[in-house]
Amino acid sequence: MKQRAPLTLAAVTAALAALTGVAALTAPAGGASDGKAAASARMPVERSLLVCPGPSSSDIAETTYTSFTPGAAGEGKGSARLLGATKDAKPVLEPKEPGKPVGATANGADAPALTGSADGVLAPGWTAQLTTKVSVGRARGVLGVGCTAPGTDFWFPAVSTAKGREDYLHLTNPDDAAAIVDITLFGPDGMAKADAGTGENIRVDAKSTKTVLLSSLLPATQLADATAHVTTRAGRVGASVQVAEENVGADWLPASTDPTGSLVLPGIPADAASVRLVAFVPGEEDADVKLRLAGPGGSISPAGSEQLHVKAGMTAVMDLKDLTRGEPGSLVLTPTDAKKATPLVAAVRVVRGSGAKQELGFVPATRPVGARATVADNRPEENSTLLSLTAPSAEAKVKVTASPGTGGGEPASQEVTVKAGTTQTLTLAPAGGKGSYALTVETLSGGPVHAARTLSLPNDGITMFTVQGFSDDHSTVSVPRAAQDLSVLTR
């Protein structure tokens, strides 16, 4: 009998936590005189938390850390710092004002995982990124990942325990108490039975990080494609999977967006030589989804791969080969029956190049950019940074802003209209920019927009790359307007 993964209370809790910030509840001037609370208002969050995994185990790794908060300087006071994920660690990054990114570098396997917080004017939209380049060896490649808020529930479709793959789950605990973590793996036949106790009650000490080799949980079973479900019994963690594939490359696999009936996987490169979709349904009902590739001129259904049936509790795989065929695009999954939108998660494994010149990357399903979203550590070198914008259902207008670089320059901005069912790409960099910079996308009007940034750093004839998705930075929270000044800080 197959075993299925129910939607857990932890998943709901994580979703609510992602939407909740720390805000000051203050009545507007001229509040209601009848004593009744007016409609809620949007207020800036006052504190943000981030967790970054340890970059690499390679002695020749070159890692860049970048931190950025959108906004203009002079708006108020605030502080932010990212520290090594150990007790009494020294700061690695300390941004001083909004609108100006800061960076740091570290070499070798000793580069630390990071945890940190920002408050005041630096909190709304605070983001951080780590990018690692490993020129040779088994784990060679460009590995990029955005730092995330700690959570309690994560889905990772497209992991593997097969020979030739090393998938390490990185768990980082930013808090003062230990976290307890469970890991469950699902293959094409359902839940995979791990050795007794190996995937349960994993302790991550306070202010520390732990790595778990996923294949060690299933020493007698090799799963070419699987889905990992990571939950906490106590506490919260940051979670990301670092993948190294023999003779192919390496990159980070971030968590997919929370299970939902329609998914967008943005930013599949134009020259992708291999695209493999991995999907999973956590609930009790099977899912039937239509596949569309949203490109510059519109959406098409891939010939021979128009639909995918995903059995509940089982990982489904579809080989889409060279899906994009010379044009960058985004994969859009929608229910075949609009009245039966079964929630699912998904990611694609992407390979560029061939033979000894291959490189690996992952594109998980993302949330829309919402009001505003940012990805840091973009490079000004020609053709190194490409932004993909997808409007899956309705035309939308967005504003894209490139911040100054870590070494100076003037910000640049551009408004872009994205037609329904298309993916538009652009390059935008600060004028005279030096060092890495941040890209911020703001929705101005229209339907939802999904976005991803592809960073390409060629090395020795290999198109090394990494793709990072944008997600709403939740820089504001909804608070009730009060008839009188409450002057209360929620903690």
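These numbers were taken from a predicted model, which means no experiment stands behind them.

Caption draft 1: Just the overall build of the protein, in detail. When you go through the protein residue by residue, the secondary structure sums to one helix and 38 strands. In the protein, 82% of the contacts between residues at least 6 apart in sequence involve partners at least 24 apart.

Caption draft 2: Up close: the sheet that holds strand 9 (residues 127–134). The sheet built from four strands is open, its strands ordered 7-4-9-10 with antiparallel pairing. The sheet is open, and its two borders are formed by strand 7 (102–107) and strand 10 (141–146), each paired with just one other strand. Taking the axes of each pair of neighbouring strands and ignoring which way they run, one obtains an average angle of 15° across the sheet. Bridge analysis of strand 4 (residues 62–68) against strand 9 gives seven bridges, and the strand direction is antiparallel. Across the sheet, the residue bridging to Phe68 is Thr127, located in strand 9.

Caption draft 3: Just the packing of aromatic side chains, in detail. Counting across every chain of the model gives four aromatic pairs. Within the aromatic cluster, the residues linked to one another by ring pairs are Trp155, Phe186 and Phe280. It is Arg352 that lies over the ring of Phe465; its NZ or CZ is 4.9 Å from the centre.

Caption draft 4: Spotlight on the nonpolar core. In terms of nonpolar packing, the biggest core is built from 32 residues, with Phe156, Val159, Leu169, Leu171 and Leu253 touching the most fellow members. With residues near it in sequence (within four places) discarded, Leu253 still touches Phe156, Pro157, Ala158, Val159, Ser240, Val241, Val243, Ala347 and Phe362. The next biggest cluster of nonpolar side chains, apart from the first, holds 30 residues, and it includes Leu265, Leu293, Val348 and Val467.

Caption draft 5: Spatial organisation of unusual backbone geometry. Residue Asn201 is not a glycine yet carries a positive backbone phi of 55°. For Asn201, the position within the fold is in the loop between strand 14 (190–191) and strand 15 (202–204). Here Asn201 falls in the partly exposed class, since its relative accessible area comes to 44%. Although it is not a glycine, Asn383 sits at a positive phi angle of roughly 65°. Considering the arrangement of structural elements, one finds Asn383 in the loop between strand 29 (372–378) and strand 30 (385–391).

Caption draft 6: View of the pattern of salt bridges. For the structure shown, the criterion picks out 18 salt bridges. The closest approach of N and O atoms between Arg140 and Glu359, which form a salt bridge, is 3.9 Å. Of this pair, Arg140 sits in the loop between strand 9 and strand 10 while Glu359 is found in strand 28 (residues 359–364), placing the two residues 219 residues apart along the sequence. The salt bridge partner of Arg236 is Asp175, with a shortest N-O separation of 2.8 Å. Note that Arg236 is positioned in the loop between strand 17 (226–234) and strand 18 (238–245) and Asp175 in the loop between strand 12 (165–173) and strand 13 (179–187), a separation of 61 residues in sequence. What makes Asp175 partly exposed here is its relative accessible area of 22%. Through salt bridges with shared partners, a single ionic network connects Arg165, Asp167, Glu245 and Arg349.

Caption draft 7: Inspection of the state of the cysteines at higher detail. All told, the structure shown has one disulfide when counted by the stated rule. Residue pairing for Cys52: its cysteine sulfur links by disulfide to Cys147, the two sulfurs lying 2.0 Å apart. For the disulfide bridge between Cys52 and Cys147, the dihedral angle about the S-S bond is near 105°, and by the sign convention the bridge is right-handed. Of this pair, Cys52 sits in strand 3 (residues 47–52) while Cys147 sits in the loop between strand 10 and strand 11 (153–159), and the two are 95 residues apart along the sequence. Here the two residues Cys52 and Cys147 agree in accessibility, since each one is buried.

Caption draft 8: Local environment of the pairing of strand 27 (residues 345–352). Most of strand 27 sits out of view: eight of its eight residues are buried. Bridge count between strand 21 (residues 272–280) and strand 27: eight bridges; the pairing is antiparallel. Looking across to strand 27, one finds that Ala279 is bridged to Ala346. Sheet topology places strand 27 next to strand 28; six bridges connect them, and they run antiparallel. Note that in strand 28 the partner of Val348 across the bridge is Val363. If you look at the hairpin formed by strand 27 and strand 28, you'll find six residues sitting between the two strands, and Gly353 has a positive phi there, around 85°.

Caption draft 9: Focus on the side chain of Ser388. The topology assignment puts Ser388 in strand 30. The buried category is assigned to Ser388, whose relative accessible area is 2%. If near-sequence neighbours (up to four positions away) are discounted, Ser388 is found in contact with Gly267, Thr423, Gln424, Thr425, His450, Ala451 and Ala452.

Caption draft 10: Seen up close, the sheet that holds strand 27. Pairing in this open sheet of four strands is antiparallel, and the strands run 25-21-27-28 from one edge to the other. Of all the strands in the sheet, just strand 25 (315–321) and strand 28 have a single pairing partner and so form its edges. Strand-to-strand, the axes of this sheet are offset by a mean angle of 20°, without reference to chain direction.

Caption draft 11: View of the pairing of strand 22 (residues 287–295). In this sheet, strand 24 (residues 307–310) lies alongside strand 22 in antiparallel orientation, the contact comprising four bridges. For Val289, the partnering residue across the bridge sits in strand 24 and is Leu308. Looking at chain direction, strand 22 and strand 23 (residues 298–300) are connected through three bridges and run antiparallel. Paired with Ala294 across the two strands is Ser299, which belongs to strand 23.

Caption draft 12: Expanded view of the side chain of Asp153. Mapped onto the elements of the fold, Asp153 is located in strand 11. Buried charge without a partner: Asp153 forms no salt bridge, and the closest opposite charge is Arg367, 11 Å away.

Caption draft 13: Main features of empty space enclosed by the protein. For the structure shown, the criterion picks out one cavity of 30 Å³ or more. Estimated volume of the largest cavity: approximately 40 Å³. Contributing to the lining of the largest cavity are Val51, Cys52, Pro53, Thr148, His170, Thr172, Gly238, Ala239 and Ser240. When residues of the lining of the largest cavity are traced back to their parent elements, those giving at least two are strand 3, strand 12 and strand 18. The element best represented in the lining of the largest cavity is strand 18, accounting for three residues. Within the lining of the largest cavity, the residues separate by chemical class into four nonpolar, five polar and no charged.

Rules behind the numbers
- Residues numbered from 1 in each chain as written.
- Predicted model: local features only at pLDDT ≥ 70, side-chain atom pairs only at ≥ 80, totals over all residues.
- Heavy atoms only, no water.
- Helix = DSSP H or I, 4+ residues; strand = E, 2+ residues; numbered from the N terminus.
- Contact = heavy atoms within 4.5 Å.
- Pairing = 2+ DSSP bridges.
- Axes fitted to C-alpha atoms, helices over the stretch in contact; angles between N-to-C directions.
- Phe/Tyr/Trp six-rings, centres within 6.5 Å; stacked < 30°, edge-to-face > 60°.
- Lys NZ or Arg CZ within 6 Å of the ring centre and 35° of its normal.
- Core = buried A, V, L, I, M, F, W, Y, C linked by side-chain atoms within 4.5 Å.
- Buried < 20%, exposed > 50% of the residue type's maximum accessible area, 1.4 Å probe, protein only.
- Salt bridge = Lys/Arg side-chain N within 4 Å of Asp/Glu carboxyl O.
- Disulfide = S-S within 2.5 Å.
- Lys, Arg positive; Asp, Glu negative; His and termini not counted.
- 1 Å grid on protein atoms, 1.4 Å probe; cavity = no way out; pocket = protein on both sides within 12 Å on 5 of 7 lines; lining within 4 Å.
- Points joined across faces, edges and corners; volume = space filled by probe spheres on them.
- Nonpolar A, V, L, I, M, F, W, Y, C, P; charged D, E, K, R; others polar.

Function cannot be read off these values alone, since they describe shape.
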